[in-house]
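# Coordinate inspection notes
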Amino acid sequence: MAAHGYHGKTLDIDLTTGSFVSNVIDEEVLRHHIGGSGLGVRLLLDREAHRHEPFNSKSTIGFIFSPLVGSPLTTSAKFAVVSRSPLTMRFNDSLASSRFAINGKRTGHDAIMITGACETPSIIVVDESEVSLLSAEAIWGMTIPDSEQWLLDTYGDDYSAAVIGPAGENQVRFATISHDGRHAGRGGSGAILGSKNIKAILVRGSQRCEWADETGLVNYAKQLSKASFGPATAKYRELGTASNLLVFNRMNCLPTRNFTAGSMEGSESLSPQQLQLAHDKVQVSCAACTIGCTHIYGKRSGTSGTRIEYENIFALGPLCGITNQDTVIQASQLCDNFGMDTISVGGTIAFAMECAERGYLDDTLLRFGNDERLLQLIPQIAHRTEMGALLANGSKSVAMEIGQDTIDFAPQVKGMEIPGYEPRALQTMALGFAVGARGADHNRSGAYEVDFSEQVDRKRADITAAALAIETEDKAAVIDSLILCKFLRGVFDDLHAAAADMLNLVTGWDINRDEIIESAKRIIDLKKQFNILAGWSPEEDTLPKRMLQTALADDPDASLSEETLQMLVKAYNRGRGWTDDGFLQSTTVHEV
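Here goes a summary of the coordinates provided. Numbers given to residues run from 1 along each chain, matching the order in which its sequence is written. A pLDDT threshold of at least 70 governs which residues receive local features in this predicted model, and a stricter bar of 80 or more applies before side-chain atom pairs are shown or counted, although totals over entire chains, interfaces and linings include all residues. Hydrogens are left out, water is left out, and the side-chain values use all remaining heavy atoms of the structure.

### Here we look at the overall build of the chain
To qualify as a helix, a DSSP run of H or I must reach at least 4 residues; to qualify as a strand, a run of E must reach at least 2; elements of each kind are numbered from the N terminus. Within the chain, the secondary structure is distributed over 23 helices and 17 strands. All radius of gyration figures rest on C-alpha atoms, and the globule criterion is 2.2 Å times the number of residues raised to 0.38. Expected size for 592 residues packed as a compact globule is a radius of gyration near 25 Å; at 22 Å, the chain falls within 12% of this value. Structurally, the chain occupies a C-alpha span of about 60 × 55 × 45 Å along its principal axes. Classification of the 592 residues of the chain by burial places 62% in the buried group. Two residues qualify as a contact provided that any one of their heavy atoms is within 4.5 Å of a heavy atom in the partner residue. Of all intrachain contacts in the chain linking residues separated by at least 6 positions in sequence, the fraction that spans at least 24 positions is 70%. For the chain, the exposed surface amounts to about 20800 Å²; the carbon and sulfur share of it is 47%. Asp and Glu count as negative and Lys and Arg as positive, but His and the ends of the chain are not part of the count. Taken as the charge centre is NZ of Lys, CZ of Arg, CG of Asp or CD of Glu, depending on the residue. For the chain, the distance from the average position of its 54 positive side-chain charges to the average position of its 75 negative side-chain charges is 1 Å. Per-residue accessibility, obtained with a 1.4 Å probe over protein chains only, is compared with the maximum for each type, and a residue is labelled buried under 20%, exposed over 50%, and partly exposed between these values. With residues, only the protein chains shown are counted as cover, and all accessible areas are computed by Shrake-Rupley using a 1.4 Å probe.

### So, the environment of Met 264
As for its position among the elements, Met 264 is in the loop between α9 (244-250) and α10 (272-278). Taking the C-alpha atoms as reference, Met 264 lies 6.9 Å from Asn 249; in sequence the two are 15 residues apart. Other than its neighbours up to four places away in sequence, Met 264 contacts Asn 249, Thr 256, Arg 257, Pro 318, Gly 321, Ile 322 and Thr 323.

### As for the nonpolar core
Definition of nonpolar core: a set of buried residues of the types Ala, Val, Leu, Ile, Met, Phe, Trp, Tyr and Cys, connected through side-chain atoms within 4.5 Å. Counting 141 residues, the largest nonpolar core has Met 340, Ile 349, Ile 378, Leu 482, Phe 492 and Met 502 as the members making the most contacts within it. Apart from the residues within four sequence positions on either side, Ile 349 is in contact with Cys 320, Leu 374, Leu 377, Ile 378, Ile 381 and Leu 391. Counting 29 residues, the second largest nonpolar core, distinct from the first, contains Leu 11, Ile 13, Val 81 and Ile 192.

### Points about the side chain of His 442
Position of His 442 relative to the elements: it lies in the loop between α17 (427-435) and α18 (448-451). Counted as a polar contact is a pair of N or O atoms within 3.5 Å, where, for protein atoms, one must be capable of donating a hydrogen and the other of accepting one, and residues adjacent in sequence contribute only when both atoms are in side chains. Reaching out from His 442, the side chain makes a polar contact with the side chain of Glu 311 at a distance of 3.4 Å. With sequence-adjacent residues up to four places away left out, His 442 is seen in contact with Glu 311, Ile 343, Pro 419, Tyr 421, Met 429, Phe 433 and Tyr 448.

### Looking at the sheet that holds strand β4 (residues 78-84)
Here the rule is simple: two strands pair whenever DSSP picks up at least two bridges between them. Here we have six strands laid out as an open sheet, ordered β2-β1-β6-β3-β4-β5, and mixed in their pairing. At either end of the open sheet lies a strand with only one pairing partner, and these are β2 (19-24) and β5 (91-97). Put simply, the sheet's adjacent strands are angled 20 degrees from each other on average, direction ignored. As paired strands, strand β3 (residues 60-64) and strand β6 (residues 111-115) are joined by five bridges and run antiparallel to one another. From the neighbouring strand, Thr 60 faces β6, where its bridge partner is Thr 115. To get an axis, fit a line to the C-alpha atoms, keeping to the stretch in contact for a helix; angles then go from 0 to 180 degrees between the N-to-C directions.

### Structural notes on the pairing of β5
Counted residue by residue, β5 has seven buried out of seven residues, so it is predominantly covered. Here β5 shows no split at all, with Phe 91, Asp 93, Leu 95 and Ser 97 on one side and Asn 92, Ser 94 and Ala 96 on the other all buried. The pairing of β4 with β5 spans seven bridges and is antiparallel. Note on β5: the bridge partner recorded for Ala 80 is Leu 95. With antiparallel pairing between neighbouring strands as the criterion, β4 and β5 make up a hairpin whose turn holds six residues, including Met 89 at a positive phi of roughly 65 degrees.

### Concerning empty space enclosed by the protein
Points on a 1 Å grid over protein atoms alone make up a cavity when a 1.4 Å probe fits among them but cannot get out, and a pocket when they form an open set with protein on both sides within 12 Å along at least five of seven lines; lining residues each have an atom within 4 Å of a point. Grid points are joined across faces, edges and corners, and a volume is the space filled by probe spheres set on the points. Going through the model one piece at a time under the given rule, you end up with two cavities of 30 Å³ or more. Roughly 170 Å³ of volume is contained in the largest cavity. If you trace the largest cavity, you find 19 residues lining it, with Val 435, Gly 436, Ala 437, Glu 473 and Lys 527 closest to the centre. Taken together, the elements giving at least two residues each to the lining of the largest cavity come down to α19 (464-482) and α21 (513-533). If you trace the second largest cavity, you find it lined by Gly 432, Gly 436, Ala 437, Arg 438, Gly 439, Asp 441, Arg 444, Ser 445 and Glu 473.

### Thoughts on the pattern of salt bridges
Salt bridge, as applied in this entry: a Lys or Arg side-chain nitrogen positioned within 4 Å of an Asp or Glu carboxyl oxygen. Within the structure shown, the criterion is met by 32 salt bridges. For Asp 158, the salt bridge is made with Arg 204, and the minimal N-O distance between the two is 2.6 Å. Separated by 46 residues along the polypeptide, Asp 158 in the loop between α4 (144-155) and β9 (160-163) and Arg 204 in strand β12 (residues 198-204) bring together distant segments of the chain. The exposure class of Asp 158 is partly exposed, given its relative accessible area of 36%. The network of salt bridges with common partners includes Asp 93, Arg 438, Asp 441, Arg 444, Asp 480, Lys 486 and Lys 527.

### Examining the sheet that holds strand β13 (residues 281-284)
Sheet architecture is open: three strands sit in the order β13-β14-β15, paired in antiparallel fashion. Each edge of the sheet is formed by a strand with only one pairing partner; in this case those strands are β13 and β15 (306-307). Looking at chain direction, β13 and strand β14 (residues 294-297) are connected through four bridges and run antiparallel. Bridging from a neighbouring strand, Gln 283 pairs with His 295 of β14.

### A few points about helix α14 (residues 371-383)
Listed in full, the buried residues belonging to α14 are Arg 373, Leu 374, Leu 375, Leu 377, Ile 378, Gln 380, Ile 381 and Ala 382. Buried residues along α14 sit in contact with α5 (166-169), α11 (310-316), α12 (325-338), α13 (342-357) and α15 (388-391). Capping of α14 at its N-terminal end is provided by Asn 370; its side-chain oxygen lies 3.2 Å from the backbone amide nitrogen of Glu 372. Where α14 terminates, the next one or two residues include Arg 384, which has phi positive at roughly 55 degrees.

### Structural notes on the pairing of β9
Judged by which residues are buried, β9 turns out to be covered on both faces: Ser 160 and Ala 162 on one side and Ala 161 and Val 163 on the other are all buried. Both β9 and β12 contribute to a ladder of four bridges, which runs antiparallel. The residue of β12 that forms the bridge with Ala 162 is Ile 201.

### Concerning the side chain of His 179
In this fold, His 179 is placed in strand β10 (residues 177-179). The contacts of His 179, once residues within four sequence positions are left out, are Phe 79, Ala 96, Ser 97, Ser 98, Glu 148, Ala 161, Ala 162 and Ala 184.

### Regarding the packing of helix α20 (residues 495-507) against α21
Any two packed helices are characterised by how steeply their axes cross, that is the angle between the axes, and by the distance between the axes. Look at α20 against α21: their axes get within 8 Å of each other, and the N-to-C directions meet at 100 degrees. Compared by their axis directions, α20 and α21 come out roughly perpendicular. Together, His 496, Ala 497, Ala 499, Ala 500 and Leu 503 of α20 and Arg 513, Ile 516 and Ile 517 of α21 make up the contact between the two elements. Just so you know how the angles are binned, under 35 degrees is roughly parallel, over 145 roughly antiparallel, 65 to 115 roughly perpendicular, and the rest oblique.

### Examining the environment of Ser 267
Residue position: Ser 267 is located in the loop between α9 and α10. Separated by 57 residues in the primary sequence, Ser 267 and Asn 324 place their C-alpha atoms 8.8 Å from one another. Residue contacts for Ser 267: discarding those within four places in its chain leaves Leu 245, Leu 246, Asn 249, Leu 254 and Thr 323. Among the polar contacts listed, one links the side chain of Ser 267 to the side chain of Asn 249, at a separation of 3.1 Å.

### Notes on α12
Helix span, expected: 1.5 Å multiplied by one less than the number of residues in the helix. The end-to-end C-alpha separation of α12 is 20 Å, in line with the 20 Å expected for 14 residues at 1.5 Å each. Of the positions making up α12, those classed as buried are Gln 325, Thr 327, Val 328, Ile 329, Ala 331, Ser 332, Leu 334, Cys 335, Asp 336 and Phe 338. The opening residue of α12, the one whose side-chain oxygen lies 3.0 Å from the backbone nitrogen of Asp 326, is Asn 324. Immediately beyond the C-terminal end of α12, within one or two residues, lies Gly 339, with a positive phi of roughly 80 degrees.

See below:
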């Protein structure tokens, strides 16, 4: 029998044969990997998912829940989608919040693992422990909102749905999986479902987990909810993550025009203060969340509005040389409707804009600041038509196609486009990007927190940054396995002790903070192990040459050499107990 908080089972679905089976997960595996990303990488390794190309029918994609899902703890209605990424060919874990997490776990499983492929467009329906495959012909080609409405009208609201849009159907390598207006966004998980001819997954169930100490858990949840209203989350509650834009612009760490500068004149027009002067705004919360940081603009009668966050403003705005509010909102909505990661869309288009300005692409309209061309390209990418057929594979692929040393300024690490943090001005974050298991990612590292603190000189990184980057990455691994919202990081005085307390109240275990720390290190090791088995090499742990050979044009003090970055990478690897070039030692290799 599994510990409280878990069902102790995976649901394994083979689309090729149409068969499914529930498999037991040992309690030791659950305890050592917790749930979410940690359990996800363990399950992928167990199924040797690293052996198969992402679009191969034998590839595996998993929807992983956690022991906290369904509990009264705030922000706990989250799930992880894990796979080998079609964008990077490395490990990928995308996290999201929605009722899908709650209903998915109520099917009686801690994970739903999918392999194989259907011959025709299909919908997976998981009802309790039963699985059926139904036709998706009626909604194949529909946008995300239209697909979700059709599913709601057809099956009712007691199901929760995870859906792909046209981008996923056309295997755009940064296509998302969407649900309740949220997205499992980065790395192309939506494209994997598209390659398997799966338009949607519907889940419904009534199997609830019990809690080991229900009274204690309720009391803890009340304290946590109260703490979530404190100063650590106040800014995001009031203004959303878009409030970062002006701060980053003042600090010269707002990536502009494909990372050629760290600030942009006119970017104040995209601040939340200015956005809400011109556009209707409503504020909503994710499922089971007390923070309420989601800000939706342009929501009028008959329209759904557009969720605006820092990352889509930066990527579809300043990164492309654009500051027009209407353009950025419309571009964001197009990405949401078609099911695409806004960071990769903006990063790839910004790169293409620079290539066109340099004469490497024959497109006289493709220029920084051309609002109309940006809006034209997004549907072209989603449908792989015209210029979009090239851009749909991401900036690294575009650079390899063009040649001409354009890879030197393609804004990616391991194939994943860099988020809105200028590495030369935030050098601990630069290290986090370089060594990230799924490529350039601010959510799996969180090293920007170090750069914004007094612990380091953010423009002059030294060896101390490596240990601090490891610490933030370990904390992220814990949060992503529990799974909780990253905005709670500032709420806990001691995250590892708090994680142990929550797990013990839920499961009845006697975990302490040291065991949580060991679990975090184990999870990071397993992600590295997956990547090594999938073909990783040390040369991948770097940044584009532009960021290692030139200072920021508008901030000459922001300069990062290749020697400095590699010194940081070596210190990071040693701090992890790996070899200097990043391979696992025999003592850190985990049996597959």
